[in-house]
Every structure is written in C-alpha cells, then in structure tokens.
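# Report on the structure
If you want the building blocks of each chain, they are given just below.
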Amino acid sequence: TLTIEPNTTILFAEYTGLYIEGKLTANEATFDAVDQNSPWQGIRFEDSSDDDSNIDNCTIKYATTGIDISAASPTISNTSISNCEDYGIRLENSSSYIENCEISSVATAIYCENNSTPTISNATINDCDDFGIRMRNSNGTIEYSEISGGVTGIDLYNSSPTIIHTDISDCILY
C-alpha cells in the first residue's frame with residue numbers, strides 16, 4: 001500500500017512514472033514533470049493493483065498519459081488532469097468510477113477500450129486536440145458532464161454507453 005499524504009508534490013523525470021501493483025491512496029497531491037518540455041509517463045494501474053485504490057483531489061500535469069488503467073478499476077475523483085501529450089485517462093478492460101474531474105489541454109481526455117465499462121460523472125472536459133471521450137468496444141455511463149472545445153465531443157466504435165444529461169459544445173464534430 002502506498003499512501004500519498006495531502007499537500008505532497010511529486011516531480012517525475014522524463015520516461016519515469018508511478019506503476020501501481022498494489023493499493024494507492026492519494027489525496028490532495030500534485031504529480032508533475034521536473035521539466036514541462038520532457039513529459040513523465042504518468043500513473044499506471046496494473047491488473048495486480050487493488051480496485052480500492054483511489055486518487056482524490058489531486059493534480060496531474062505534463063505526463064504522456066495522466067492515468068493509464070489496465071484491467072483494474074480505481075476510483076478517480078475531484079482531480080484535475082492537464083497538459084498531457086496523449087490521454088488524460090486511458091482505460092483498458094476497466095470499470096473505474098471517474099467523478100468530478102476536470103481534464104483539459106490533452107489529445108484525448110478519456111479513452112476507453114477492450115470492454116471497459118466506466119462511470120464518468122460530472123466531468124468537465126475542454127480544449128482537447130482530438131477527442132473528449134473516445135470508446136472502442138466499450139460501454140459504461142457518461143452522465144452530467146460537459147465537453148467543449150475539441151475536434152470530436154464523443155467518438156464511439158462498437159460501443160453503446162448510456163449518456164445522460166451531457167452537454168457537448170464548441171466541437172467540430174459531436
């Protein structure tokens with residue numbers, strides 16, 4: 001178990017990251033790059049990580065992928081993710097709960113693939129280079145969220161999520 005105490009700042013060098021194979025509890029922490037021009041790898045939850053892991057009230061900046069989740073289902077809440085090269089959150093075979101998160105200035109805010117079934121609730125997504133939410137062979141729920149200022153708001157391929165009270169604006173495609 002790794003517990004990151006409130007008001008902790010962790011700086012990562014290029015090509016490094018935090019790989020979780022147990023339980024992570026992070027509250028009010030900041031995860032950032034040593035050099036904003038040399039992104040770190042992000043936080044990765046592996047299949048062996050504890051599904052009771054959570055990231056709450058945190059800030060994640062200047063990573064390649066802010067949070068990468070593979071066959072795990074941590075809870076991500078009240079967290080700001082910005083300035084990531086590829087994804088804010090990437091899910092593969094995950095049923096994570098993502099609530100009250102703000103994701104901005106990334107290529108794709110939330111990418112779900114390979115049977116992911118997340119619940120995305122009260123998310124604010126803006127200024128993405130490509131996609132707000134992109135799903136490939138996944139389902140889940142997107143509710144009470146706002147997506148604005150990107151190329152595509154929600155992109156679905158072989159996916160049928162439940163979408164409830166979600167606003168998409170100022171995107172080239174919806």
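Residues numbered from 1 in each chain as written. Predicted model: local features only at pLDDT ≥ 70, side-chain atom pairs only at ≥ 80, totals over all residues. Heavy atoms only, no water.

### Focus: the sheet that holds strand β14 (residues 102–104)
- Strand order across the open sheet formed by eight strands is β2-β5-β8-β11-β14-β17-β20-β23, with parallel pairing between neighbours. The open sheet is flanked by β2 (9–12) and β23 (167–169), the only strands paired with a single partner. Strand-to-strand twist of the sheet, defined as the mean angle between neighbouring strand axes without regard to direction, takes the value 10 degrees.
- In this sheet, β23 lies alongside strand β20 (residues 146–148) in parallel orientation, the contact comprising three bridges. The partner of Glu146 across the bridge, within β23, is Asp167. (Pairing = 2+ DSSP bridges. Helix = DSSP H or I, 4+ residues; strand = E, 2+ residues; numbered from the N terminus. Axes fitted to C-alpha atoms, helices over the stretch in contact; angles between N-to-C directions.)

### Topic: the nonpolar core
- Counting residues in each nonpolar core, the largest one holds 42 residues, and the members touching the most others are Phe31, Ile43, Ile89 and Ile110.
- Of all the secondary-structure elements, those providing two or more residues to this core are β3 (17–20), β4 (24–27), β5 (30–33), β6 (42–45), β9 (65–70), β12 (87–92), β15 (108–113) and β18 (131–136).
- When residues in this core are grouped by element, the largest group, three residues, is from β15.
- Non-local contacts of Ile110, meaning those with residues more than four positions away in its chain, are made with Ile89, Leu91, Ile103, Ile120, Ile125, Gly132, Ile133 and Arg134. (Core = buried A, V, L, I, M, F, W, Y, C linked by side-chain atoms within 4.5 Å. Buried < 20%, exposed > 50% of the residue type's maximum accessible area, 1.4 Å probe, protein only. Contact = heavy atoms within 4.5 Å.)

### Section: the packing of aromatic side chains
- Evaluated as defined, the whole model comprises two aromatic pairs.
- Judged by centre distance (4.1 Å) and plane angle (5 degrees), the ring pair of Phe12 and Trp40 falls under stacked. Of this pair, Phe12 sits in strand β2 while Trp40 sits in the loop between β5 and β6; the two residues are 28 residues apart in sequence, bridging distant segments of the chain. Here Phe12 matches Trp40 in class, with each residue buried.
- On the basis of an interplanar angle of 20 degrees and a centroid distance of 5.2 Å, the ring pair of Tyr87 and Tyr111 is categorised as stacked. Residue Tyr87 is located in strand β12, and its partner Tyr111 is located in strand β15; the two are separated by 24 residues in the primary sequence.
- Judged by relative accessible area, Tyr87 falls into the partly exposed class, the value being 23%. (Phe/Tyr/Trp six-rings, centres within 6.5 Å; stacked < 30°, edge-to-face > 60°.)

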